[in-house]
Every structure is written in structure tokens, then in C-alpha cells.
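# Chains, contacts and geometry: an overview
One-letter residues, chain by chain:
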Amino acid sequence: MSTNGNGQDQALVSINNLKMYFPITQGIIFQRHVGDIKAVDGVSFDIKRGETLGLVGESGCGKSTTGRAILQLYRPTDGSVRFEGTELTTLKGESLRKVRRHIQMIFQDPYASLNPRMTVGSIVGEPLEVHNILSGKARRERVRELLEIVGLNPYFINRYPHEFSGGQRQRIGVARALAVQPDFIVCDEPISALDVSIQAQVINLLERLQEEFGLTYLFIAHDLAVVRHISDRIAVMYLGKIVELTDRATLYREPLHPYTQALLSAVPIPDPIAEAEREKKRVILQGDVPSPANPPQGCNFCTRCPAKSRALKEKGIDCDVVEPEFREVESNHWVACHLY
Amino acid sequence: MGTLLDVRNLRTQFFTQDGVVRAVNGMSYTLDEGETLGIVGESGSGKSVGVMSLIRLIPTPPGKIVDGEVLFENRDLLKASDSEIRSIRGNKISMIFQDPMTSLNPVLTIGRQISEALELHLGMDKQQARARTVELLELVGIPSAADRIDDYPHQFSGGMRQRAMIAMGLSCNPQLLIADEPTTALDVTIQAQIVDLVKRLREEIGMAIIWITHDLGVVAGLADRVIVMYAGMIVEEAPVRELYGNPRHPYTLGLLGSLPRLDEERPEELKSIEGLPPDLINYPKGCPFYARCTYRLDKCLEAAPPLESVGVGHRAACYVDVTMAQPTTEHPYQDV
């Protein structure tokens, strides 16, 4: 059962109650399972065909893990991941490989995600090889075409990754993701490791490709300004759970969850006049994020929430004890908070 | 407001196997007492090397400060003796770095690392230093400071480690605090905490700050004046509102236009800067921004434009007045 009512559009990707727990063990000889790091703790959302869903949150919130669990790079501990109606969590071997042709990933670190011992041509052509698409001359042509599509000179087909800059390497990663003409691409912090003046180049490239090839993106990042720019809808994650999900305009205009409000308030705007004005309304959170091995009993945000006393007074709910439900409180606006 | 720091024609190079890396190529600027100067630039712009050169933290070899003067308190720091510089570092001029986990000593307690400077520079005894250290930790907002003083860095979170670094940096009441990308490695809500803290301390203590970052958002909210660096040179310098409101160098213009803003109404295509920064070993002739500049002229290739006044307190290194000129090329970056 998906929690996002769809209306007309069929969801391309449907995530339901996804959980990714990493076990903590103790003991040298007998490894006792003493607990879990609850990296992703019950996440549900749909992604419509052709849209960009932004997944934003700070380090340790579980956004990258969510992306990997969707692609089955980690096998989820629990929950369902449906792609075009097919359940991915139960697929193995050949059947999983066949589906992977339609779902690809662009990774964060342009230095770690390319095999340094392979030429650019081999890297970009590898998905074609894995999925038995084209061969020989036709494959080489396709690789050249892909390099051109991402704005690289096809002449570089025989060069090695170390001969390129970070931004160029990221383009190689994009070309590789496009090779098999996927429908859905998970972009896991694709620009975080790049210099500011290069980030815009890659953002523009991703947007152009989305229009040209009808791609659907899950765009994972911690930079809310970038996410807001590229996404249609945005999900905000905190400590393994989604706290708010709505379209880009509403999230900025009317953030409901106290964490979203604090996050928006914390993002600097490159405009000294705007910054001076925002100063009065700044929300500064106290303290640090709790450990995902030991999340709070109630709402995950209760240790830092500035609105906790308001919830107790107005709704009579103790946020430390009772976990809030992730509900649609307005049309297409989902929040997990006792205040609503 | 007196002048605290006067940097003249600073040049720093690194002598490597592949050639000479021209990291800083003639930086000149001044800093007033109590002023906050933001230095922005991308990787390779020379912003970090530039400030590390001020207090001679450049590893020599392979680095070498080959030219320039750094005038502080009537003496040239570049010509001071080793013991003189050591008495200034951590004392009158202190520095905090980007990643507190690698800049803090992992085998010493936080308390020990902070009190070290107090004992060395201010001549306190162990008891006095310990008491002052607790005060400092409280000042930077570390809860239960008296208990945490004997913790090790790995027992602190990233934000708390950075606060401890700030405490260390401010312990001897410096006149100048140099902060090299202190919040780049931190989450945005933690960054907001740290920036807020620095602003409060700045009001209480009144030290001058040089804040280095690539984040034009942070600088907008923090700096009085901003220097923009590219390929080891200052390309623009202005009071903060003037820089954002009236940028005069094509690089600054390009940078500001390429940033997605949180408060943008509709997403329009970002105006990106084509190409890459130049190779600092094969340093280009003429203006270092030529290859990526949409306003370039032939004369830009002959000689690098000098940094000249374009307004009150506003300097730019460009032959073109971008407020009046039209771009001369749409796709400057010919070779990929």
C-alpha cells in the first residue's frame, strides 16, 4: 500500500515502509547481535514518471542508504520497493540484473566511482557489455555518442580517469548511467564534491538530459538550495525517517515540520541584504543529532525540537514518548509531527 | 579603526617534481582592527595558502614564500625570527582549520590542548589555565564544560570539536582570528550554530576575523568586506553589499549567477562558467580568467589586468567595465 495518493499518474517507483538496519555485534569469538543502527527506519514515498524527487537531510539521516536500498545495492531489512509494479526486494541474480537496466545510479565521489585502471571508453561501455547491448563498432559509436551528450570530447575515449578533473569525471559517471537508456536514475550527491563553478555545469546537464530522454530522478543531497532548484517535490529526512514531503514551492513557502523550518533558516543565501533580514527570524537548533543506534522512543526530533512544549500545551501529546504518524495534512503535503 | 594587517605583494610557490606551482601571485590587501574579511575562492584559488603564508605555516620545502611583506604591529612577519613568529601564533594571531578531527591532537584531552596555549603564551600555571579553559568551553557553548574538559576529541561531535577549536583559537584573546573553511565539513544546522557563536564572540571580544570559504552564502551573512580569489590572485575586493549588489569582475559575476538560491521563485537555468581553472604550473600569460571569460578582449591575453579601484573601497582586476560592456563571446572555453 503506497502512502502517496497518485491521482492520474502511475508511480514509476513505489517505496513502502523501507527499513535498512545494520546490526551491531559485540564479542570476539561469539558475535552477539546487541543492537541495530537504524539507518532507514520506515520510509514510504512514490516517484512519478518524469519527476525529480529531492531527498534532503544532513549527514547520517539515511538518505544515501535509502538510495542504495532502492537499487538493491543494500538488500533492505524490511519493506517493499516496486519499480513499474515489480517488487525488487525479492529479485535475485538474472531477474534483478534485467531490471537494473532500467534503474541506474550516479555516485557522489568522482574520484572513487570510476575504476582507475579502465579507460573512459571501457567505463562508459561496461553497462552495455553487462546487458549485452550492441557490440564492436556499434558499441564504440554509442560510447562516443554518450560522451558527446554529456559534453566531453569523444576523442578522450582512450584516456584514463586520472587525466580528468572532478567535474569531467562526474560527467563520465553520468554518461555511464545513461548508457543503457534507463528510466530512473538515483543521483547520490552528484555535485557535493565539485567546485561551485562546476556544480552549475553538472546541474544544467542533468536537467537537460531529463528533458531530452524523459528521465526520472531521485536527487539526494544535503544542499537544500540545489535540491530546491532541481526538484519538483522534496522529502526531508531526519534520523532515518521522512519528516516532511511536498512540492518545492510549498516546502519553502509553508514548511510545517520544525526541523524543516530550522533547516531552511540555516541555509545561507548569497545576498547580504537578505541575510541581514533573516537574522531576526533565525532558528538555531541546540545540540546534536542522536545516534541512529539509539533513536528516541517518541519523535526522532524530540531532543532538539523548539516546538515540543507547544505540542504538549496545544495537543496534550508528549513528543518524547509518542511517535508521530507520517500523514497527509494538506493536499500533497505530508508531515510527521504531533502539531498537525 | 586602525590598520591591523598590511599584506603587500605576497607570492608563495611550491617547488615540485612536476614544476613550480604558483599558488599565490601577488596578493595585497589590508585589514582593520575588528573587521571581518571574507576570502572566497574555489579549490586552487590560493585562499588557504595565502593565509597560511601570513603566519608562515607553509611547509618549506616544497613551499616557499618568495616575495612580499606582511606587516603586523610594526614588523614584517615574513622576516621575523622563528621564536618571534611562534610567540605570535596562537597568541595574537590564531587560526582554526577545516576539519577539527584532523587538526586536534587525538591523544591529548581537549582541556590539555586549550590550556597549553594559556600556559605558554600567557604564563598561567596549571590551575589558572584549567579554570580559564572551563570558562572558554562555556563561552563557546559546550554543555557541562567542567566534565567535558578531560574528554578526548573523538568523544566530541563534529560541531563540538569545532567549538573546542574556536575556544583554543580565542584563548589568548587574539587580535586576529583566521578561520580556514571552519564550517565546510559541518552540517548546515551545525554551521548555523557555529556562525551564530562566532558573531556573538566577535561582539564580545572584538577581534578581527579572516574567514575563508567557497560558500558565498556564509560570507554574505558574516563578512564586512570580501576578497574574491582566482588562480592565486585577488580579482575583486569590495564591502560585502557592494560585492553582491554590484560585482565588477566577470568571475564574480559568473559565480553569483551560477548559484541556486533558496529563495528563487522559479528555477531558471543556472548561468554556469564554462571550463576549468588554469594549471598553476603552466600559468597562463595575461589574465588567468581569459579562457573562461565571456567579456574578454585581445589585450587581456597580453598582460594580466592590475587590481584597480572601480568604486569606494571597491577594486577589480579587469580591463572591462562589465556594467556597461556586452559579452564578446558566448562560449569562451574552446578546448575541452
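Residues numbered from 1 in each chain as written. Chains lettered and ligands numbered in written order. Predicted model: local features only at pLDDT ≥ 70, side-chain atom pairs only at ≥ 80, totals over all residues.

## Topic: the overall build of chain B
- When helices and strands are counted, chain B shows 12 helices and 12 strands.
- Taking 2.2 N^0.38 as the reference for a compact globule, 336 residues should give roughly 20 Å; the C-alpha atoms of chain B span a radius of gyration of 21 Å, in line with that estimate.
- Each of the three principal axes of chain B carries a C-alpha extent, and together these read 65 × 50 × 40 Å.
- Within the span of chain B, comprising 336 residues, buried residues form 50% of the whole. (Helix = DSSP H or I, 4+ residues; strand = E, 2+ residues; numbered from the N terminus. Rg over C-alpha atoms; globule rule 2.2 N^0.38 Å. Buried ≥ 20, exposed ≤ 12 C-beta atoms within 10 Å, placed from the backbone.)

## Details of the interface of chain B and chain A
- Each partner contributes to the interface: chain B provides 38 residues, whereas chain A provides 34 residues.
- Broken down by secondary-structure element, the contributors of at least two residues to the side of chain B that touches chain A are helix H8 (188-205), helix H9 (216-222), helix H10 (240-245) and helix H11 (250-257) of chain B.
- The biggest single contributor to the side of chain B that touches chain A is H8(B), with six residues.
- Among the residues making up the side of chain B that touches chain A, the classes are represented as 17 nonpolar, 12 polar and nine charged. (Contact = placed C-beta atoms within 7 Å. Nonpolar A, V, L, I, M, F, W, Y, C, P; charged D, E, K, R; others polar.)

## Observations regarding unusual backbone geometry
- Pro61(B) follows Thr60(B) through a cis peptide bond whose omega is -5°.
- Position of Pro61(B) relative to the elements: it lies in the loop between helix H1 (47-54) and strand E4 (63-72).
- Here the residue pair Pro61(B) and Pro62(B) is connected by a cis peptide bond, since its omega of 0° sits within 30 degrees of zero.
- Topologically, Pro62(B) is positioned in the loop between H1 and E4.
- Of note, Glu189(A) is a non-glycine position whose phi angle comes to about 50°, a positive value.
- Along the chain, Glu189(A) falls in the loop between strand E7 (184-188) and helix H6 (196-213).

## Some points on helix H4 (residues 110-122) of chain B
Residue and element names in this part refer to chain B.
- Compared with the 18 Å implied by 1.5 Å per residue over 13 residues, the 18 Å span of H4 between its first and last C-alpha is a close match.
- Those residues of H4 lying buried are Ile110, Gly111, Ile114, Ser115, Ala117, Leu118 and His121. All buried residues of H4 project into a common sector of 145° when viewed along the axis, lining one side.
- Buried residues along H4 sit in contact with helix H5 (126-139), helix H6 (145-148) and helix H7 (158-170).
- Of the residues one or two after H4, Gly123 is the one with positive phi, at around 65°. (Expected span 1.5 Å × (residues − 1). Arc of directions from axis to C-beta.)

## Notes on the sheet that holds strand E4 (residues 78-83) of chain A
Residue and element names in this part refer to chain A.
- Strand order in the open sheet made by the four strands is E2-E1-E4-E5, with antiparallel pairing throughout. Looking at which strands have only one partner, the edges of the open sheet turn out to be strand E2 (32-48) and strand E5 (86-87).
- Bridging between strand E1 (residues 11-26) and E2 involves 13 bridges; their strand directions are antiparallel. Counted as the bridge partner of Gln26 is Arg32 from E2.
- Contacts between helix H1 (residues 63-70) and the sheet are confined to E1, E2 and E4, with E1 contributing the most and set at about 115° to the helix. (Pairing = 2+ DSSP bridges. Axes fitted to C-alpha atoms, helices over the stretch in contact; angles between N-to-C directions.)

## Section: the sheet that holds strand E11 (residues 308-311) of chain B
All names here are of chain B.
- The strand order E6-E7-E8-E3-E9-E10-E12-E11 describes an open sheet built from eight strands, whose pairing is mixed. Edge positions in the sheet fall to strand E6 (93-96) and E11, since each has one partner strand and no second. Recorded for the sheet is a direction-independent mean angle of 25° between the axes of neighbouring strands.
- For E11 and strand E12 (residues 314-316), the ladder comprises three bridges, and the chain directions are antiparallel. Bridged to Glu308 within E12 is Ala316.

## Here we look at the confidence of the model for chain B
- Considering every residue of chain B, the mean pLDDT works out to 92; 99% of them sit at 70 or more.
- In the predicted assembly, ipTM is 0.86 and pTM is 0.89. (pLDDT = per-residue confidence, 0-100.)

## Considering the environment of Arg68(A)
All names here are of chain A.
- By the secondary structure assignment, Arg68 is in helix H1.
- Taking C-alpha positions, Arg68 is 8.4 Å from Val186, a pair spaced 118 residues apart along the chain.
- Setting aside residues no more than four positions away along its own chain, Arg68 makes contact with Leu73 and Tyr74.

## Let's talk about the nonpolar core
- Counting 195 residues, the largest nonpolar core has Val236(A), Ile242(A), Ile210(B) and Val235(B) as its most contacted members.
- In terms of domain composition, this core takes at least three residues from each of domain 1 (8-25 + 37-102 + 182-335) and domain 2 (116-181) of chain A.
- Those residues in contact with Val236(A) that lie beyond four places of it in its chain are Val56(A), Gly57(A), Ile242(A), Val243(A), Glu244(A), His257(A), Tyr259(A), Thr260(A) and Leu263(A). (Core = buried A, V, L, I, M, F, W, Y, C linked by C-beta atoms within 7 Å. Domains from an automatic or database assignment.)

## Observations concerning the domain arrangement of chain A
Residues and elements named next belong to chain A.
- The assigned domain composition of chain A is domain 1 (8-25 + 37-102 + 182-335) and domain 2 (116-181).
- Each of domain 1 and domain 2 has a C-alpha centre, and the two are 30 Å apart.
- Contact residues are listed per partner, giving 11 residues for domain 1 and 12 residues for domain 2.
- Of all the elements, H6 adds the most residues to the side of domain 1 that touches domain 2, at five residues.
- Here the residues of the side of domain 1 that touches domain 2 are counted per class, giving nine nonpolar, one polar and one charged.

## Quick notes on the environment of Pro288(B)
Residues and elements named next belong to chain B.
- Counting through the fold element by element, Pro288 comes out in the loop between H11 and helix H12 (299-302).
- The exposure class of Pro288 is buried, given the 25 C-beta atoms found within 10 Å.
- For the pair Pro288 and Ala146, spaced 142 residues apart in sequence, the C-alpha separation works out to 52 Å.
- Beyond its immediate sequence surroundings of up to four residues, Pro288 is in contact with Tyr230, Ala231, Met233, Pro278 and Ala304.

## Observations regarding the packing of H4(B) against H7(B)
All names here are of chain B.
- The contact between H4 and H7 brings their axes to 8 Å, and the two run at 20°. Put simply, H4 runs roughly parallel to H7. Here the hand of the crossing between H4 and H7 comes out right-handed. From H4, Ile110, Gln113, Ile114 and Ala117 reach across to H7, where they touch Ala164, Ala167 and Met168.
- In the contact of H4 with H7, the residues fall into six nonpolar, one polar and no charged. (Parallel < 35°, antiparallel > 145°, perpendicular 65-115°, else oblique. Left-handed = near helix turned anticlockwise from the far one by under 90°.)

## Describing the pairing of E4(A)
All names here are of chain A.
- Examined bridge by bridge, E1 and E4 share five bridges and lie antiparallel to one another. Looking across to E4, one finds that Lys19 is bridged to Asp78.
- Pairing between E4 and E5: two bridges, direction antiparallel. Paired with Phe83 across the strands is Thr86, a residue of E5.

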